[in-house]
Amino acid sequence: MKQISVFDAHCDTISRCWREYEGLYANSGMISLERTAGFAQYCQFFALWTADGYTGYPLGGDSVERAYHALLRCFKDQMARNSEKIVQCRTAGEAERANRQGKAAAFLAVEGAELLGCDPAQLDEAAAEGVAAINLTWNHANALSGSSKEEPERGLSPLGREFVAKMEDLHILVDVSHLSEAGFWDVAELARRPFIASHSNAKLVWDHTRSLTDGQINAIIKNQGVIGLNFYEEFVGGSRDLDMVRAHLDHLLELGGEKTVALGGDWDGCDTIADLPAIDSLPRLYEHLLHHGYRETVVQDLFYNNLMRVVR
């Protein structure tokens, strides 16, 4: 298969490396630098994620926030250990320069603002550490908003609105995957910059609480944001193969999302579909789409260009 360029919007690889005491270069997970070495160009959003019950610390108190700092150290350590192969980036220009040098580009994300105490004052430090995107919630509702799983009727609190406004001031991407639908529409109303749904699919294709309605998809298209296709088998639905992924893609394209849809594999955070067991299986999807008549420019936009646009 031909070499392809890949920019993926979501993985939990750093959290997995932290829990399993494995490194980024070679590991037993879905993403490693060994697995991505065959890509022509490679960029990846690495999410820092944990929650009570996953932190390695006693429940309650500031355990999640303490775990965040441990995760951040793990990420920085892996960047240092593998500096000849990967470099942390904040912008498209930095990523393109890294790719020209034959290095992968790592974008840092935070999944769930509770890792930052839901505190706008902590965003300055996050920006200084190079955080490029933040999911306002994970599965649990928090002080900023309800989530798609808990309190889905609750939108952004006044604190949530302050948090979003400061994120935009700091040029940190607002990520609405996992957010309640009410919270989504509050973000859409407030947003002055493109926002993203890093790992979400089309609800009309497979009805799941984590998926986006056509109205939400249209709002992201209008906002010139990005939607990352999620390969978690529970979210893909149906036969859970490449054809079903293609059904989600087709629906986004039918709504006008040619410049909006990207990859958001959810690697190392879930059981992906059988046809995409790890990131180095992505050439199968690339060839599958070409075989079914997609223009290569559309496929290249999906795999690399659209996400690069939104970090520019």
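Up top is the structure these notes are about.
A brief look at the structure comes next.

**Describing the overall build of the protein chain**
- On a plain count of helices and strands, the protein chain comes out with 12 helices and 9 strands.
- Taken over C-alpha atoms, the radius of gyration comes to 18 Å for the protein chain, in line with the 20 Å a tight globule of 312 residues would show.
- Along the first, second and third principal axes, the C-alpha set of the protein chain runs to 50 × 45 × 35 Å.
- A separation threshold of at least 6 residues defines the contact pool for the protein chain, and within that pool the share at least 24 residues apart is 69%.
- Total accessible area on the protein chain stands at roughly 12200 Å², and carbon and sulfur atoms take up 48% of it.

**A closer look at the environment of glutamate 34**
- Assignment of secondary structure puts glutamate 34 in helix H2 (residues 33-36).
- For glutamate 34 and aspartate 280, which are 246 residues apart along the polypeptide, the C-alpha to C-alpha distance reads 9.2 Å.
- Contacts of glutamate 34, omitting those with residues within four sequence positions, involve Tyr25 and Ala26.

**Side note on empty space enclosed by the protein**
- Summed over the entire model, instances satisfying the criterion amount to 1 cavity of 30 Å³ or more.
- What the largest cavity holds in volume is close to 50 Å³.
- As for the largest cavity, its lining consists of Ala9, His10, Phe45, Ala47, Ala109, Ala133, Asn135, Asp175, Ile196 and Ser198.
- Contributing elements (two or more residues each) for the lining of the largest cavity: strand E1 (5-11), strand E2 (41-48) and strand E5 (131-135).

**A word on helix H10 (residues 242-254)**
- The first and last C-alpha atoms of H10 sit 18 Å apart over 13 residues, in line with the 18 Å expected at 1.5 Å per residue.
- Residues of H10 that are buried: Leu242, Met244, Val245, Arg246, His248, Leu249, His251 and Leu252.
- Those residues of H10 that are buried are in contact with helix H8 (214-223), strand E8 (226-229), helix H9 (233-236), strand E9 (261-263), helix H11 (282-291) and helix H12 (296-310).
- For H10, the side-chain oxygen to backbone nitrogen distance between the N-cap and aspartate 243 is 3.1 Å, and the N-cap itself is aspartate 241.
- Trailing H10 by a residue or two, glycine 256 shows a phi angle of about 100°, which is positive.

**Concerning the packing of aromatic side chains**
- This model, assessed by the stated rule, comprises 12 aromatic pairs.
- Between phenylalanine 46 and phenylalanine 75 the ring centres are 6.3 Å apart and the planes differ by 50°, which places this aromatic pair in the tilted class. Highlighted residues: phenylalanine 46 in strand E2 and phenylalanine 75 in helix H3 (residues 63-81), separated in sequence by 29 residues. The same class applies to phenylalanine 46 as to phenylalanine 75, namely buried.
- Each member of the aromatic cluster is reached from another via a ring pair, and the members are Phe7, Phe45, Phe107 and Tyr304.

What counts and what doesn't
- Residues numbered from 1 in each chain as written.
- Predicted model: local features only at pLDDT ≥ 70, side-chain atom pairs only at ≥ 80, totals over all residues.
- Heavy atoms only, no water.
- Helix = DSSP H or I, 4+ residues; strand = E, 2+ residues; numbered from the N terminus.
- Rg over C-alpha atoms; globule rule 2.2 N^0.38 Å.
- Contact = heavy atoms within 4.5 Å.
- Areas by Shrake-Rupley, 256 points an atom, 1.4 Å probe, with all protein chains shown as cover.
- 1 Å grid on protein atoms, 1.4 Å probe; cavity = no way out; pocket = protein on both sides within 12 Å on 5 of 7 lines; lining within 4 Å.
- Points joined across faces, edges and corners; volume = space filled by probe spheres on them.
- Expected span 1.5 Å × (residues − 1).
- Buried < 20%, exposed > 50% of the residue type's maximum accessible area, 1.4 Å probe, protein only.
- Polar contact = N/O pair within 3.5 Å; in protein donor to acceptor, adjacent residues only side chain to side chain.
- Phe/Tyr/Trp six-rings, centres within 6.5 Å; stacked < 30°, edge-to-face > 60°.

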